[in-house]
Amino acid sequence: MKHWDQFLAPYKQAVKELKIKLKGIRGQFELDSSHSPIEFVTGRVKPIASILDKANQKGISLDKLQEEIQDIAGMRIMCQFVEDIHRVVGLLRNRNDFKIVEERDYISHEKTSGYRSYHVVISYPVQTINGEKKILAEIQIRTLAMNFWATIEHSLNYKYKGVFPSDIKMRLQRAAEAAFRLDKEMSLIRGEIQDAQAFFTRKKEQTQEEKD
């Protein structure tokens, strides 16, 4: 167990640091009183059992885990609109505190299951007492609708071990299309939604000032 603690330590540190940095982006937009393309950020380190399962499925030896499993450290950025996803990707590309090593666009080219998301794999430098250690981390960027679908599909995937009954598979694909249509409809009234949210924020701040 001590070996695993040592192995996972830099990944846990990376997740903590990336949470702060990515949430900081949202904070900067709020200070500027402009729409933040980031709604919220989550992160996790993959459990040991999941790492071993993935290694077994893909035929990855234990000494190759760091190089060949890209999502031991995983971040998720939620956005309100599809357009926000592309803006977030642009912000990530412009950063110099990590290096993007791979991008996978499952929005323009969704999976056959209906899965949609934008994946960015980064090489992130973690500062340790033994010097710098670069680890791979995956950042998934998706809308709230995409995330709802993906969360349900992930749970069902565990239950059926990737082999869905035909009716479940069909309904999941229909649900994926419905989620995508929802995102498209929201994009069409994006300006109205953002104006309303800005008005609500100003009203809340004004009420707070009056109380103070």
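Further up the page is the structure itself.
Residues numbered from 1 in each chain as written. Predicted model: local features only at pLDDT ≥ 70, side-chain atom pairs only at ≥ 80, totals over all residues. Heavy atoms only, no water.

Peer 1: For this particular structure, what's the right way to read the sheet that holds strand 3 (residues 99–105)?
Peer 2: If you trace the five strands from one edge of the open sheet to the other, you get 1-2-5-4-3, paired in mixed fashion. This sheet does not close on itself; its edge strands, each paired only once, are strand 1 (40–45) and strand 3. With strand direction ignored, the average angle separating the axes of adjacent strands in the sheet is 25°. Both strand 4 (residues 118–128) and strand 5 (residues 131–143) contribute to a ladder of 11 bridges, which runs antiparallel. Its bridge partner being in strand 5, Tyr118 is matched across the sheet by Ile141. Here helix 1 (residues 2–31) sits on the sheet and contacts strand 1, strand 2 (73–79), strand 4 and strand 5; the angle it forms with strand 1, its principal contact strand, is near 180°. Along the sheet face, helix 4 (residues 82–93) touches strand 2, strand 3, strand 4 and strand 5 and points at about 165° away from the line of strand 5. (Pairing = 2+ DSSP bridges. Helix = DSSP H or I, 4+ residues; strand = E, 2+ residues; numbered from the N terminus. Axes fitted to C-alpha atoms, helices over the stretch in contact; angles between N-to-C directions. Contact = heavy atoms within 4.5 Å.)

Peer 1: Is there a simple way to explain the nonpolar core in this structure?
Peer 2: In a soluble, globular protein the nonpolar side chains are often hidden away together inside. Core analysis: the biggest nonpolar cluster contains 39 residues, and Leu65, Ile77, Leu92, Ile122, Ile139 and Ile141 have the highest contact counts within it. If you list the elements that add at least two residues to this core, you get helix 1, helix 2 (48–58), strand 2, helix 4, strand 4 and strand 5. The next biggest cluster of nonpolar side chains, apart from the first, holds seven residues, and it includes Tyr106, Phe164, Leu172 and Ala176. (Core = buried A, V, L, I, M, F, W, Y, C linked by side-chain atoms within 4.5 Å. Buried < 20%, exposed > 50% of the residue type's maximum accessible area, 1.4 Å probe, protein only.)

Peer 1: Hey, could you run me through the pairing of strand 5 in this one?
Peer 2: By the bridge criterion, seven bridges tie strand 2 to strand 5 in an arrangement that is parallel. By the bridge assignment for strand 5, Cys79 is matched with Thr143. Here strand 4 folds back onto strand 5 in antiparallel fashion, the turn holding two residues.

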